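Single-letter residue listing:
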Amino acid sequence: MTQQKYMTINGEMVAFDDEKNILEVVRKAGIDIPALCYYSDLSIYGACRMCIVEDERGNIMTSCSTPPKGGMTIFTNTPKLNKHRRLILKMLLSSHCRECTTCVHSGNCSLQILANRFGITDVRFDKSGKAFKDEYKIDLSSKSIKRDPNKCILCGDCVRVCSETQNVGAIDFAYRGWNLEVTTAFHEPLGATECVNCGQCVSVCPTAALTVKPEFDKAWDAIHDKTKRTIVQVAPAVRVALGEMFEMETRNVMPLINAALRKMGFDEIYDTSFSADLTVIEESEELLRKIRQGETLPLFSSCCPGWVSYAENRHPDLLPQISTCKSPMEMFSSVVKEDAVLNPGLQLDPREPYVVAVMPCTAKKYEAARDELSLEGQPRTDLVLTTKELAMMIRQAGIRFNELAPEAHDLLFGMYSGAGVLFGVTGGVTEAVIRRLISDKSNRAMNNTQFLGVRGLEGVKELTIPYEDREIRIAIVSGLKNAENLIRKIKSGEIYYDFVEVMACPGGCINGGGQPIANLAERQERAEVLYADDRLSEVRHSEGNPQVKVAYDRIIKDQQHRLLHVHYNGRRCEG
Amino acid sequence: MRILVGQGSCGIASGAKKTAAAFAEQIRAAEMDIPVDVTGCIGLCYLEPIVDIYDDNGKMTRYTKVTPDTAKLIFDAHVAGGTPYTPALIPAAGQAFLDKQTRVVMKNCGIINPERIEDYIASGGYRALSKAIRNMTSDEICDVVLGSDLRGRGGGGFPTGKKWVQVKRQSEPVKYVVCNADEGDPGAFMDRSIMEGDPHKMLEGMIIAGLATGAHTGYIYVRAEYPLAVHRLKIAIDQAKAHGYLGDRILGTDFSFDIHINLGAGAFVCGEGSALTASIEGQRGMPRVKPPRTVEKGLFEKPTVLNNVETFANVPEVILMGAEAFKSIGTPKNAGTKAFALTGNVNNTGLIEVPMGTSLRSVIFDIGGGVKNGKKFKAVQIGGPSGGCLTESHLDLPLDFDSLEKVGAMIGSGGLVVMDEDTCMVSIARFFMNFTQQESCGKCVPCREGTHIMLELLDDIVEARGTRETIDTLLDLGDTICATALCGLGKTAANPVISTITQFKDEYLAHVVDGVCPTGQCQAYRKYVVDEDRCVGCGLCRKVCPVHAISGGTKRTHKIDTQVCIKCNSCVSACKFDAIQII
């Protein structure tokens, strides 16, 4: 047994184990050391210099980059450190846009929070004028992400997440010194780059330099448009994160979301988990058909638009192996609008349907606008809002979210199986498909699928399940860098799978780019809440959802291919 | 007889190629058979082009400032006539400049032809490698280097032997030797001169480093603005390979070592170790946080020996003369010599090499010949933009790593800029700060934002907008930047400002409190007034003034409104009676 190691922080002994750096030890000791460029998932960058600590000899070091050593003595709050931190903040503020009142991140901006915390009320050196003029053009070219370099503090978090976690590298540093900026190659508009719209950069951005492209005005317009019947679908992962934006603990707030959406004026409130059930049925069929017919495998999942874009950009040769299933969001919109056409008399109200999707995802905004997904020349999903935008709308409407009385969904598209709601977390698609494939449909059997190796937030998981007289080999991967590594092994023949589930964001949709940011522990909590929602469902497997049968009989009929499947055209960025 | 024309970049810039061509032309015309050869820089920048004529007994006569016309006269008198052409002989001060140095690293510079390995071998070259590879174990090599107290000449002064031992100890089988030839300090050109004048010496040092640490690949990271150095390095590498000193199975042993040249794009920050290795890897040249250190994870994340040109060039000497003999040069813990680039307001500018611990006075006055134009010595900026300034009170300070650090300066890579009494120290601080803020990579906040703000504040003082608070703010910022910046460039960025404020506080105060630039260098502090006794009222100044700051009727004394005046000097140029005075 190794001996417990201790270090002294501000005179108190603190035990530590395998923490990578002093910063983690200090935070474990209950001290919130300030940092603008530190994320435990990313490489150590050491640029903001806010996390400095002092040792007993007066040496100053950044805690993020210094490994803890037994017997070490450090201080986190000396007059010297305080002076340096305040001055560094002033330096940052001197070249930062200070229009806080009109900033979308106001109240939620790391720089603003630190400036308040350290009592910065004036910035001595603000003559450069950089702080007050819009020096850089705001980039609105992306369907999902708004880029405002005037608010960038050059911490490099977005650059690292884009290349280290996602292997995309759409943005990087250019120029140097005072002219340093984060930009795309050759200053191309972001929308013309290989950006897959995953929004992980938005999640890590401490300021409003990268934000979700706001579209809530369109939602209000639709709600107040008397000719429109507003239908809203809410994705599984939204219910486990929205509460956090209202200072609630992590729990399932779907009943409160239903109540809020009704108060805001949406006409019909449904759940994307319903169409996830459709996806499970279609995707299982496709997998079994491909196995039976001996087609090239693995079959890759297709629900994640970030992954689809990545495959189109980097692995166009794999497109025939990507499932033709539309994503649950698109299946939902297809079906619900088809219903309005086929069965006008059954509608709650006869006005023109307008489908709003509330998603944990920024890439869904891009997906909704894809040509391949429109039918009769019209997109089926009219508007995508992220979790964060929904929170803003709730606030705008003056709704006290945490005081709402819970309400239920509408029928018929509000009913879902436990399998459908699992889509919100990595491994969920696979678990749902497995539930479709196994013959024992008892709820006891459904409880047991969790032990097959599908759960957990590891970036790569693999498992083998028996099916009839053979085995099905499955890989579950989240984070595009992990996906890239896996694909290379598959292509080289090093490993073989029948089915691969890919989610662009680490941990899946619970950690999507449209969600409030979450560290690993918080992601774990979100996942647990989704699993609880599954356990509490009467129906745990997709084909057991009675409304799925209704949808097939009444709406889909023989139109499966048109309504539920799609062939993507391939490489979208021609730059 | 043999004629040698110094053709480093400096010589060539002064016209040495034309001089060499003139000699060749004369020789051809006279149908004689005398070789006109190339050599590197001897260090006497202000006397270029320099020509050495060796007679058949090997006696050398040195001519300076040899233009093609002078070349013809020298040819007629000396080469054809046999008597030296006295008007072009090296002046006594120039000779003293050379005589008072101790040349170890640069002993071949300006003597041998750097493009011919035979010259290097004839002067004892590659004997150190041969000794090390045949008679010494890697431990013994490390021991000699460690025992010699050789310290890194790039600025930090880290013991070279210690670094090598640390790399040698790493269990990782792949290791690298990297030579930092990204010399970027304004006014520093020691490394360029060594590469141009004696490239093999540095290659030999690198090969020995590989032998000592177990590395088989070396990289030279040299700035692309040094094309001649690159050219000569390439020749040297090819020749060393052809002679079996480099490449596979060196000198018939099992040891193989190869050297690649990487061109840097002229970013000052790429002289920083981790930025340099990142740049070689093809990444953006930005320093990274440490640990891990370069000796553990350097180039391509492998253990790496990173030394600069001058350090590697010292290695063959250390191996040949042994640790004790090497230590006998210089002062304790500061063994050997150091090359300095002596520039600024000094009579003899150029490249010098002196034992560590030589006094500043000796360098500036004995070798440099004192301050130009009989002016008074004011200060010397040492260590470039990372260093500090030293004043008269420091003249007897020994030039070594430790003594300089104690007074807030550093040897840096060895730039010495001498300043006379007419130099405004605020402007000097501003000059260096402008350099640093332009060369900051922009990664960490203190360096990116802080240096820019400091430059703006120095602008305030230079442009007469400063207050006492400006000086306090400068010191505040300097303190935080030094304490918190990520890399060496940032940590030392404020040094020129802090040291000038410390040494010349009164001069700063004169600017911000009294509204005077004591040296008259800061334009904003100048006042233009009309000398009433001299003004005849011709009105010429009034007509040329672009901002209508001058008033006065015909044949009446004119007046300048100092509030409106932009100090463009037009009136001074126009006045035929010297009636406009600058105070």
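Quick caveat: nothing in here was measured; it's all calculated off a predicted structure.

## Let's talk about the overall build of chain B
Along the backbone of chain B there are 23 helices and 19 strands. In terms of C-alpha radius of gyration, chain B reaches 27 Å, essentially the compact-globule figure of 25 Å for 583 residues. Long-range contacts, defined here as pairs at least 24 residues apart, represent 71% of the contacts in chain B between residues at least 6 apart.

## Observations regarding the overall build of chain A
The secondary structure content of chain A amounts to 19 helices and 17 strands. Against the compact-globule benchmark of 25 Å for 575 residues, chain A has a radius of gyration of 25 Å, which places it among compact chains. The C-alpha extent of chain A, read off along each of the three principal axes, is 75 × 60 × 50 Å. The 575 residues of chain A split such that 52% are buried. Put simply, of all contacts in chain A between residues at least 6 apart along the chain, 74% involve residues at least 24 apart.

## Notes on the environment of Val240 of chain A
Residues and elements named next belong to chain A. Mapped onto the secondary structure, Val240 falls in the loop between β10 (228-234) and α7 (254-264). Sequence separation between Val240 and Ala527 is 287 residues; the distance between their C-alpha atoms is 8.0 Å. Here Val240 is in contact with Thr250, Asn252, Gly424, Ile510, Arg526, Val529 and Leu530, once residues within four sequence places are set aside.

## A few points about helix α10 (residues 199-213) of chain B
All names here are of chain B. The end-to-end C-alpha separation of α10 is 22 Å, in line with the 21 Å expected for 15 residues at 1.5 Å each. Burial analysis of α10 places 15 of its 15 residues in the buried class, the great majority of the element. Backbone geometry just downstream of α10 places Gly214 in the positive-phi region, at approximately 90°.

## Focus on the sheet that holds strand β11 (residues 337-344) of chain B
Residue and element names in this part refer to chain B. Within the open sheet, the five strands sit side by side as β12-β11-β15-β13-β14. Their pairing is mixed. The sheet is open, and its two borders are formed by β12 (350-355) and β14 (388-391), each paired with just one other strand. The average angle at which neighbouring strand axes cross in this sheet is 30°, direction not considered.

## Details of the domain arrangement of chain B
All names here are of chain B. The assigned domain composition of chain B is domain 1 (2-90), domain 2 (117-328), domain 3 (331-420), domain 4 (425-514) and domain 5 (526-582). The gap between the C-alpha centroids of domain 1 and domain 3 is 31 Å. For the side of domain 1 that touches domain 3, the class distribution of residues is four nonpolar, one polar and no charged.

## Re the sheet that holds strand β14 (residues 383-386) of chain A
All names here are of chain A. Reading across from one edge, β11-β10-β13-β14 is the order of the four strands in this open sheet, with parallel pairing throughout. A strand with exactly one partner marks an edge of an open sheet, and here the two such strands are β11 (268-271) and β14. Adjacent strand axes in the sheet meet at a mean angle of 25° when their direction is disregarded. As paired elements, strand β13 (residues 352-359) and β14 share four bridges and run parallel to each other.

## With respect to helix α14 (residues 360-367) of chain B
Residue and element names in this part refer to chain B. When we look at burial in α14, the residues that qualify are Leu360, Val363, Ile364 and Ile367. The buried residues of α14 occupy an angular sector of 120° when the element is viewed end-on, so they sit on one face. If you follow the buried residues of α14, they end up packed against α4 (92-99), β11, β12, β13 (377-382), β14 and β15 (415-420). Where α14 ends, the next residue or the one after it, Gly369, has phi of about 75°, a positive value.

## Here we look at unusual backbone geometry
Glycine aside, a negative phi is what most residues show, and trans is what most peptide bonds show. Residue Pro49 of chain B is reached from Glu48 of chain B by a cis peptide bond, and omega for that bond is -10°. Checked against the element boundaries, Pro49 of chain B lands in the loop between β2 (36-39) and β3 (51-54). One non-glycine residue with positive phi stands out, namely Glu376 of chain A, at about 50°. Examined against the element boundaries, Glu376 of chain A turns out to sit in the loop between α11 (363-368) and β14. Look at Glu376 of chain A and you get exposed, because 7 C-beta atoms sit within 10 Å. Not every positive phi belongs to a glycine, and Asp578 of chain B is a case in point at roughly 50°. As for its placement among the helices and strands, Asp578 of chain B is situated in the loop between α23 (570-574) and β19 (580-582).

## Regarding the pairing of strand β5 (residues 176-181) of chain B
All names here are of chain B. Among the six residues of β5, six are classified as buried, and the element is accordingly described as predominantly covered. Because side chains alternate across β5, one face comprises the buried residues Tyr176, Val178 and Asn180, and the other comprises Val177, Cys179 and Ala181, equally buried. Bridging between β5 and strand β8 (residues 304-308) involves five bridges; their strand directions are parallel. Paired with Tyr176 across the two strands is Thr304, which belongs to β8.

## Re the domain arrangement of chain A
All names here are of chain A. Parsing chain A into structural domains produces domain 1 (5-77), domain 2 (124-212) and domain 3 (217-564). Relative to domain 3, the C-alpha centre of domain 2 lies at a distance of 29 Å. Mapped onto the side of domain 2 that touches domain 3, the elements with two or more residues apiece are α4 (157-165) and α5 (200-204). Here the side of domain 2 that touches domain 3 gets four residues from one element, more than from any other, and that element is α5. A class-by-class count of the residues in the side of domain 2 that touches domain 3 yields seven nonpolar, eight polar and three charged.

## What about the interface of chain B and chain A?
At the junction of the two partners, chain B supplies 26 residues and chain A supplies 28 residues. Residue assignment for the side of chain B that touches chain A shows that the elements contributing at least two residues are α16 (425-439), α17 (445-462) and α18 (468-484) of chain B. Per element, the largest residue contribution to the side of chain B that touches chain A is eight residues, and it comes from α17 of chain B. Of the residues belonging to the side of chain B that touches chain A, the class tally is 10 nonpolar, nine polar and seven charged.

## A short note on the nonpolar core
Of all hydrophobic cores here, the largest spans 334 residues; its most connected members are Val356 of chain A together with Ile208 and Val380 of chain B. Counting residues per element, this core draws most heavily on α17 of chain B, at nine residues. Other than its neighbours up to four places away in sequence, Ile208 of chain B contacts Ala128, Leu129, Ala132, Ile141, Val315, Pro316 and Ile319 of chain B. If you look at the next biggest cluster of nonpolar residues, it comprises 11 residues, including Val530, Ile550, Cys571 and Cys575 of chain B.

## Focus: the pairing of β13 of chain B
All names here are of chain B. Counting buried residues along β13, six of its six residues qualify, which places the element largely inside the surrounding structure. Relative to β15, β13 is paired through five bridges, and the arrangement is antiparallel. Bridge pairing links Gln381 to Val417 in β15. Two strands pair when backbone bridges link them, and β13 and β14 are joined in this way by four bridges, in the antiparallel orientation. Bridge pairing in β14 places Ile382 opposite Gly388. In this structure, the hairpin formed by β13 and β14 is closed by a connection of five residues, where Gly383 is found at a positive phi of approximately 85°.

## Let's talk about the environment of Tyr85 of chain B
Residues and elements named next belong to chain B. Within the secondary structure, Tyr85 sits in the loop between α3 (68-80) and α4. Sequence-wise, Tyr85 and Leu73 are 12 residues apart; in three dimensions their C-alpha atoms are separated by 7.2 Å. Setting aside residues up to four positions removed in sequence, Tyr85 forms contacts with Leu73, Ile74, Ala77 and His78.

## Side note on the packing of helix α2 (residues 79-94) of chain A against α18 of chain B
At a closest axis distance of 10 Å, the pairing of α2 of chain A and α18 of chain B adopts a crossing angle of 105°. When the axis of α2 of chain A is compared with that of α18 of chain B, the two are roughly perpendicular. Residues Lys83, His84, Leu87 and Ile88 of chain A of α2 of chain A lie in contact with α18 of chain B, whose contacting residues are Asp476, Leu477, Thr480, Ala483 and Thr484 of chain B. Residue classes in the contact of α2 of chain A with α18 of chain B are distributed as four nonpolar, three polar and two charged.

## Quick notes on the environment of Thr213 of chain B
All names here are of chain B. For Thr213, the location among the structural elements is in helix α10. C-alpha separation for the pair Thr213 and Ser138, spaced 75 residues apart in sequence, amounts to 6.8 Å. The contact partners of Thr213, leaving out residues within four places of it in the chain, are Trp164, Val167, Lys168, Lys175 and Val305.

## Concerning the packing of helix α8 (residues 160-169) of chain B against α10 of chain B
Residue and element names in this part refer to chain B. Direction vectors running N to C along α8 and α10 enclose 45°, while the axes themselves pass 8 Å from each other. Our classification of the angle between α8 and α10 gives oblique. Contacts between α8 and α10 pair Trp164, Val167 and Lys168 from the former with Ala209, Ala212 and Thr213 from the latter. Classifying every residue of the contact of α8 with α10 gives four nonpolar, one polar and one charged.

Each value, and the rule that gives it
Residues numbered from 1 in each chain as written. Chains lettered and ligands numbered in written order. Predicted model: local features only at pLDDT ≥ 70, side-chain atom pairs only at ≥ 80, totals over all residues. Helix = DSSP H or I, 4+ residues; strand = E, 2+ residues; numbered from the N terminus. Rg over C-alpha atoms; globule rule 2.2 N^0.38 Å. Contact = placed C-beta atoms within 7 Å. Buried ≥ 20, exposed ≤ 12 C-beta atoms within 10 Å, placed from the backbone. Expected span 1.5 Å × (residues − 1). Pairing = 2+ DSSP bridges. Axes fitted to C-alpha atoms, helices over the stretch in contact; angles between N-to-C directions. Domains from an automatic or database assignment. Nonpolar A, V, L, I, M, F, W, Y, C, P; charged D, E, K, R; others polar. Arc of directions from axis to C-beta. Core = buried A, V, L, I, M, F, W, Y, C linked by C-beta atoms within 7 Å. Parallel < 35°, antiparallel > 145°, perpendicular 65-115°, else oblique.

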